[in-house]
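Residue-level listing of the chains:
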Amino acid sequence: MSQGIISESVRNFLFYLSSVQKRKAAWMFLLLILSSVIDVFGLASLVPIIIAASRPGSIFRNSITNWVYHALHFQSEKTFLVFLIIGLIIFFLVKNAFTTLVNYQQVRFTAEIALKVVNNQLGKYNNLSFWDFSRVGTSNLIHYTVGVPQIFVNGIIRQLFQFFSELVVTLVIVIAILIYQPALFLVLAVVLGPATSLTYRVLRNRSMRIGIRADVLKPVTFKLMSEAFAGYVELKLAGKQFQVKDKVLENQEELQDLEAVSYLYSQLPLKMIEMVAILAVATIFLYSLLISENTENLVTIIGLFAAAAYRLMPSVNRLILSLVSLKQHRFVFDNLSLHRHLEEKVAPLQQPLVFEHSIELRNVTFAFPETIKPVLNNISFKVSKGERIGLVGSSGSGKTTLMNLLLRFYEEQQGQLLIDGHPLTEHNLDAWYRLVGYVKQDTFLMEASIRDNITLADKNVDEQRLQYAIEQASLADFVQSLPDGINSLIGERGSRLSGGQRQRIGIARALYKRTEILLMDEATSALDNETEREVNEAISRLATTDITIFIIAHRITTLRDCTKIYEMKDGRLIAERTYDELVRNVLAN
Ligand SMILES: Nc1ncnc2c1ncn2[C@@H]1O[C@H](COP(=O)(O)OP(=O)(O)OP(=O)(O)O)[C@@H](O)[C@H]1O
């Protein structure tokens, strides 16, 4: 009834194991079977001891106890009983120590695999292109890299171990019954067999649907919450915080409902099996009372049935629960196989890239996959090293897209990007990333010190370089004014900094990295006059270096130090001007 899900789970589990780990898994499996068998025998061994204690003389009627009694030269039945009880205690001690050791090894092994799955997922998503990265989205990425491996471990791997160990327990008991009491086996098979199968059948598809739905809902809560916190101020000012809260609650309500139903389902198998067992006992009992002549035999059967069912029920219950869990969490296989091609992605062989003379765009055309009209249309320009290029143009004209192309977030469909005449390809991308620095309007900032934010938590900080970067980015006075100086913390996403200070940290970071090409996107549009002056001062300082700069700016004054200014319109480059020409043009219009 369940080979499908079991073999699928085992296959997915084995996928993550190395050959050494596969051998380890086989070893674990053997230990698990052994500990399950010992568990059952441990309980079974209680029966003869109880019989021996309650019925004097019975030890001589049993061939084994009789043999042991005489072999060890016991003198009285009482001392032999004491011996048996002490032996039993020692057996239980050893058994429990052994099964705990097996459990410990299994837990360690599972943790090892869990780490491997997380590592695998992280590696895979680190290989995502910028484009795919933005399409998948951070909420899904966190779910795939942290949430899904956890579900795989708890919902699949642990359940597989449980399934096999309970299967062994159940089989050992059932086979023992079959050998010693075939009639009882028949009753059990007729009563518990269909009940178990029916319970599983009722629950499996429902549980699977719960799993799939929860998988959709979980990242939604995360997405809503991260958006709500990121937009805390704006949402509050717009009086929309309750709207977000309502959405989160709506999402949580459905999730909690699913959790509740799932919990209920986990309680059902035991109750159903218990119910069926009681019904069976009652039926046999009533039959013996009302119809049958030979009641003695039936009462024995009932007694044995009740005892066997009592021992079997918890195992069968866990067996069903592990199967239901496998079904419920089956969706993780689909999640884990997403982007699997990235696992095999061999990093392209990297070559050096020299930038000494020029950056050239030759007939570059780019369109987003879902749009037909190109966002960049046949763009060509050549920039010499050390030049400072301004990009202006109306909103939506393609300035940011052009910058994203230079950053290699996107790739042109036609034309070429040439560095010193050599095309930029995936084989020199690492070298290109080392040359390029990027300062956005919302510079990425960590909840850490200024030092860590500039060096991106470098372990071996080049102090001289850091000092140079701080001065060139016009941050020196500000840093000196802080009680903890460069070690001052800047708060979450730089909340303790002004807009200008945040951008200057971005500039300092680029300088610390020895950036040779600096891309600044709308660097000053959100700044007040004073901070604009500070950022402009930093840019003017940069103008004295041989860093090549591209600036998208909405304030003309930011472009004062630019050697060339390109004007864009509808994805085309329509004019090239100097700063003075730009000013005259603006004044004339
Ligand atoms: N991910 C995307 N998918 C589809 N279209 C996009 C995407 N990003 C931008 N666009 C479209 O590309 C065009 C150019 O956008 P871009 O951001 O480059 O303009 P811009 O000149 O930088 O504008 P602004 O000055 O307002 O920032 C716009 O029409 C925009 O709608």
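This one's a predicted model, so the numbers in the text were calculated from it and none came from an experiment.

Visitor: Describe helix H6 (residues 77-126), listing the residues and the values that go with them.
Guide: Residues spaced three or four apart along an α-helix point in a common direction, a consequence of the helix completing one turn every 3.6 residues. End to end, H6 covers 72 Å across 50 residues, agreeing with the expected 74 Å (1.5 Å per residue, within 8%). The complete set of buried residues in H6 reads Val102, Gln106, Ile113, Val117, Gln121 and Lys124.

Visitor: Would you mind going over the environment of Gly485 in detail, with residue names and values included?
Guide: Structurally, Gly485 can be placed in the loop between helix H19 (476-481) and helix H20 (499-512). As a C-alpha pair, Gly485 and Val68 span 417 residues in sequence and 83 Å in three-dimensional space. When neighbours within four sequence positions are excluded, Gly485 is seen to be in contact with Val479 and Gln480.

Visitor: Summarise the sheet that holds strand E4 (residues 414-419); cite the residues concerned and give the values.
Guide: Taken in spatial order, the four strands make up an open sheet running E2-E1-E4-E5, and their pairing is antiparallel. This sheet does not close on itself; its edge strands, each paired only once, are strand E2 (376-384) and strand E5 (422-423). Relative to E2, helix H15 (residues 399-406) is tilted by about 60°, and along the sheet it contacts strand E1 (358-366) and E2.

Visitor: Just give me the short version of the UniProt feature "transmembrane region" (unreviewed entry) in the protein chain, but keep the residues and values in it.
Guide: If you check UniProt for "transmembrane region" (unreviewed entry), the listed places come out as residues 25-51, 80-98, 160-179, 272-291 and 297-313 in our numbering. Segment residues 25-51 splits into 96% helix and 0% strand. End C-alpha atoms: 40 Å apart. Here residues 80-98 runs as 100% helix and 0% strand, with 26 Å between its end C-alpha atoms.

Visitor: Could you give me a rundown of the confidence of the model for the protein chain, with the residues and numbers involved?
Guide: Taken residue by residue, the protein chain gives an average pLDDT of 85. The fraction at 70 or more is 96%. Within the protein chain, no element has a lower average pLDDT than helix H14 (residues 341-344), which sits at 72, and none a higher one than E1, at 93. In the model output, the complex is listed with pTM 0.72 alongside ipTM 0.96.

Visitor: If you had to explain the packing of helix H2 (residues 19-44) against H6 to someone new, which residues and values would you point to?
Guide: Where H2 meets H6, the axes come as close as 10 Å, and the angle between the chain directions of the two elements is 150°. By the angle between their directions, the pair H2 and H6 is classed as roughly antiparallel. H6 is crossed by H2, and the crossing has left-handed handedness. Between H2 and H6, the contacting residues are Lys24, Met28, Leu31, Leu32, Ser35, Ile38, Asp39 and Gly42 on the first element and Phe91, Phe92, Lys95, Phe98, Thr99, Val102, Gln105, Gln106 and Phe109 on the second. Counted by class, the contact of H2 with H6 contains nine nonpolar, five polar and three charged residues.

Visitor: I'd like a description of the domain arrangement of the protein chain, backed by residues and values.
Guide: The domain architecture assigned to the protein chain consists of domain 1 (3-334) and domain 2 (358-588). Each of domain 1 and domain 2 has a C-alpha centre, and these two points are 57 Å apart.

Visitor: Tell me about the site of the ligand, residues and numbers included.
Guide: Near the ligand you find Phe368, Thr371, Val375, Gly393, Ser395, Gly396, Ser397, Gly398, Lys399, Thr400 and Thr401, and these make up its full shell. Tallied by class, the residues present in the shell around the ligand amount to two nonpolar, eight polar and one charged.

Visitor: Got a sec to walk through the pairing of strand E7 (residues 517-521)? Specific residues and values, please.
Guide: Counting buried positions over the five residues of E7 gives five, a clear majority of the element. Side chains of E7 alternate between two faces, with Ile517, Leu519 and Asp521 and Leu518 and Met520 buried alike. Note: E7 against strand E8 (residues 548-552), five bridges, orientation parallel. Paired with Ile517 across the bridge in E8 is Thr548.

So, how was this worked out
- Residues numbered from 1 in each chain as written.
- Predicted model: local features only at pLDDT ≥ 70, side-chain atom pairs only at ≥ 80, totals over all residues.
- Helix = DSSP H or I, 4+ residues; strand = E, 2+ residues; numbered from the N terminus.
- Expected span 1.5 Å × (residues − 1).
- Buried ≥ 20, exposed ≤ 12 C-beta atoms within 10 Å, placed from the backbone.
- Contact = placed C-beta atoms within 7 Å.
- Pairing = 2+ DSSP bridges.
- Axes fitted to C-alpha atoms, helices over the stretch in contact; angles between N-to-C directions.
- UniProt positions renumbered as here; feature names shortened; annotations may be inferred.
- pLDDT = per-residue confidence, 0-100.
- Parallel < 35°, antiparallel > 145°, perpendicular 65-115°, else oblique.
- Left-handed = near helix turned anticlockwise from the far one by under 90°.
- Nonpolar A, V, L, I, M, F, W, Y, C, P; charged D, E, K, R; others polar.
- Domains from an automatic or database assignment.
- Near = placed C-beta within 6 Å.

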